[in-house]
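Given next are the chains, with one letter for each unit.
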Amino acid sequence: LFYWCRWCSITLYFIIIMSNNNTNNAMKRVERLKTHFVVSAPLLKNESSTTNNSFVERQETSFFSSPFGSSKHPDDVVIVCALRTPITRARKGGLKDTTADDLVATVLAAALRETENINANDIGDVVVGSVLGDSSQRANECRIGMFLAGFPVKVPVRTVNRQCSSGLQACADVASAIKAGYYEVGIAAGVETMSKNPMKWDGGFNPKAASVTNAQNCLIPMGVTSENVAAKWHISRETQDAFAAESHRRAAEARRNGKFKSQIVPVVTKIIDKETKEEKEIVVSEDDGIREGVTVENLAKLKPVFKKGGSTTAGNASQVSDGAGVVILCKRSYATKNGLKIMAKWKSFSAVGCPPEIMGIGPAVAIPDACERAGVKVSDINLFELNEAFASQASYCVNHLKLSKDIVNVNGGAIALGHPLGATGARCMATLLHEMHSRDASCKLGVVSMCIGSGMGAAAVVERE
C-alpha cells in the first residue's frame, strides 16, 4: 500500500506539472496572438464592435505536429502525392459543364495512377473539402466519384467544410487520423463547381444575431471585409492593383514555362455551347483564368464592386472558379514498405479565429501559430502559398509578417489562377510541393495558408524530402 500511495503521489505531481506547463504554453500563445493585430473600428452601420484591443478570441484550433522534429521516424505522416485539375473560370471556362463527381473521379484516379504501389483496399478514408455544394448531395457525389475512379466499395468517404480552407482541413483531418492510428494511408481532396453552385444564403437571418456584434459581423459580405482591411491598414488601390498585376504576371510566366504541368491532371469532359446547346468533348489541360499582359493601368479602369469610393474590384480579387485537387498522406513506414516516393513531411496545422469583419487577416495569426507548433520560425520558411482572396488582405498579411515577396506565391495566386473554394487548400498544397521540388535542396520548409469567411485563418507547415 505504501508503494502504491507513493506511486500515485509521484504520478499526481507530474500531472500537475504538465498541466501547468500546458497552461503556460497556451497563455503564451494567446499573448503572442494579441500582438498580431489590433481589432478594427466599428464597421457595421450603427454598430460598435464588442471585441476590444486587449483580447483576441481563439475561436478554434486544430493541429498536427510531429514530435520528432526534422528527424525521420516511421510514424511520421508524409505526403506521397499532390495533384490538381486545371482551375477554370466559373460559367465561362473549360470546366463550366463538368460535374463535381467527374472532377473528384479525375483527381482520385490520377492519384492512384501516380502511386501505383498503393493498394486501394489499404486506404482508410477519403476526405473531400467542399463548400458550396448541397451537403448531402455533395457527399453522395463524392461517393459516386470514388466508384467512377475505380475504388473498392470498402473505402469510405466524407466531406468537410471549413469554407475556404476546406481542402487544407481535409489534409489535416487525414494527417490527424493517421497519427491517431485509425489507418496508415488516406486521401485528402477538394472540389468546387462554382458554375453549378454559386455563392448564396438559404433561408432568412436569425434576428438574434443583431444583438451580438461578432455574430452580426459574420453576415458582412466578403468584399466588404476586404474594404475594411484596406481602410484600417491604409492599403491603397494602387497597392492592390500592383499586387494583382504581379499575380497575373507570375502565373502567365509559370504557364509559359510549363511550371504547372507536373501538378495538373487533364480533364476529359464536355462543354455545351450556350447558343446551340451542342455538346462537344474536350480535354482541359491548362488554367484559363490567367490573363497575359495585365497592368496596373488596365486594372485602374475597373470600378469598385462593394463600396462607393472603395478599392476592391473584380481585378484585384480572386476569381470564382471550378476545379479539384488531391493529396495522399500516409505513415512513413507505409511509404517505405511500399516503395513510395515521399514529397514532404506534414509538420503542423493550425486554424485560428479572428474578428469576422476583417476576416482576411486570418493568415497573419494562423501562420505564426502553425510555425510555433512545427518548432520553426516564420523566418525559417522558404516558400509560401498564401491564398489571394483579395489583394488587400494578402498585402496586409505579407507586410505584417514581414515576408519577402520573392517567396510568396512565386507562380501567381488566386487572383490569377482562381479560387474554387473547397479545392483551394489541396490546389495550394500541390502547387507548393511541386515548386519546392523544382528548386535545390535548400528549399526545405513550406507553408500553405488562407483566410476563412466568418473570421478565421488556417495554415499548414510541410518539410520537403
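Note: the structure precedes this text.
In this report, we go over the structure that sits alongside the text. It should be emphasised that the depicted structure is a prediction, and the values quoted were computed from it without experimental measurement.

A word on the packing of aromatic side chains. Here the structure, examined in full by the defined rule, presents 2 aromatic pairs. Aromatic pair Trp201 and Phe205: ring centres 5.2 Å apart, planes at 35°, arrangement tilted. With respect to burial, Trp201 and Phe205 carry one shared label: exposed. Seen from their ring centres, Trp233 and Tyr396 are 4.4 Å apart, and the 40° between their planes marks the pair as tilted. A residue pair is termed long-range when its members are at least 10 positions apart, and Trp233 in the loop between α6 (222–232) and α7 (237–256) and Tyr396 in helix α11 (residues 391–400) qualify at 163 residues. In this structure Trp233 comes out as partly exposed when scored by relative accessible area, which is 24%. You can call Tyr396 buried: its relative accessible area is 6%. Above the ring of Phe260, the side-chain terminus of Arg84 is found at 5.2 Å from the ring centroid. The ring of Trp233 has Lys232 sitting right over it, with the charged end atom 5.4 Å from the ring centre.

With that settled, consider the nonpolar core. Core analysis: the largest hydrophobic core is formed by 41 residues, its most contacted members being Val80, Leu108, Ile123, Val126 and Phe151. Among the elements of the structure, β1 (77–84), α2 (100–114), β3 (123–129), α3 (135–148), β5 (185–193), β7 (279–284), β8 (321–331) and α9 (332–337) are those that each provide at least two residues to this core. Per-element accounting of this core gives the leading share, 10 residues, to α2. In contact with Phe151, other than residues within four places in its own chain, are Leu108, Leu112, Ile123, Val126, Met146 and Ile187.

The next subject is a nonpolar patch on the surface. Taken together, the side chains of Trp201, Phe205 and Leu219 present a nonpolar region at the surface, about 350 Å² in accessible area. A residue is classified by how much of its surface remains accessible, and Leu219, at 35% relative accessible area, is partly exposed.

By secondary structure assignment, the location of Gln393 is in helix α11. Look at Gln393 and you get buried, because its relative accessible area is 1%. Only 3.0 Å separates the side chain of Gln393 from the backbone nitrogen of Ala389, close enough to count as a polar contact. Filtering out sequence-adjacent residues up to four positions away, Gln393 remains in contact with Val229, Gly360, Pro363, Asn387, Glu388 and Cys451.

Our focus in this paragraph is the pairing of β1. The element β1 is extensively covered by neighbouring structure, given that 8 of its 8 residues are classed as buried. As judged from the 7 bridges shared by β1 and β8, these two strands associate in the antiparallel manner. When the sheet's bridge partners are listed, Ala82 is paired in β8 with Val327. Sheet topology places β1 next to strand β9 (residues 344–353); 2 bridges connect them, and they run antiparallel. Paired with Ile79 across the two strands is Ala344, which belongs to β9.

Of note in the backbone geometry, His234 takes a positive phi value of approximately 55° without being a glycine. Tracing the backbone shows His234 in the loop between α6 and α7. Positive phi, close to 80°, is recorded for Ser454, a residue that is not glycine. Relative to the helices and strands, Ser454 is located in the loop between β11 (445–452) and β12 (456–464).

Scoring rules and cut-offs
Going along each chain's sequence as written, the residues are numbered from 1 onward. Residue-level local features of this predicted model are given only where pLDDT is at least 70; pairs of side-chain atoms are given and counted only at 80 or more, and the full residue set underlies all totals for whole chains, interfaces and linings. The basis for every side-chain value is the complete set of heavy atoms in the structure, and neither hydrogens nor water enter the calculation. Side-chain rings of Phe, Tyr and Trp, where Trp is taken by its six-membered ring, are said to pair if the distance between their centres is within 6.5 Å; with planes under 30 degrees apart they count as stacked, over 60 as edge-to-face, and otherwise as tilted. Each residue's exposure class comes from its accessible area (1.4 Å probe, protein chains only) as a fraction of the maximum for that residue type: buried when under 20%, exposed when over 50%, partly exposed otherwise. Going along the chain from the N terminus, every DSSP run of H or I of four or more residues is numbered as a helix, and every run of E of two or more is numbered as a strand. Remark: a charge is flagged as sitting over a ring if the NZ atom of Lys or the CZ atom of Arg is within 6 Å of the ring centre and within 35 degrees of the ring normal. We call a set of buried Ala, Val, Leu, Ile, Met, Phe, Trp, Tyr and Cys residues a nonpolar core when their side-chain atoms join them within 4.5 Å. We call two residues contacting when some pair of their heavy atoms lies within 4.5 Å. To count toward a patch, a residue needs a relative accessible area above 30% and no salt bridge. Like charges then connect within 9 Å, nonpolar side chains (Val, Leu, Ile, Met, Phe, Trp, Tyr) within 5 Å. Per-residue accessibility takes into account occlusion by the displayed protein chains alone, with areas from the Shrake-Rupley method and a 1.4 Å probe. Whenever a carboxyl oxygen of Asp or Glu lies within 4 Å of a side-chain nitrogen of Lys or Arg, that contact is scored as a salt bridge. By the criterion applied in these results, polar contacts are pairs of N or O atoms within 3.5 Å in which, for protein atoms, one can donate a hydrogen and the other can accept it, and in which residues neighboring in sequence qualify only through two side-chain atoms. Each pair of strands is called paired provided DSSP finds at least two bridges between the two strands.

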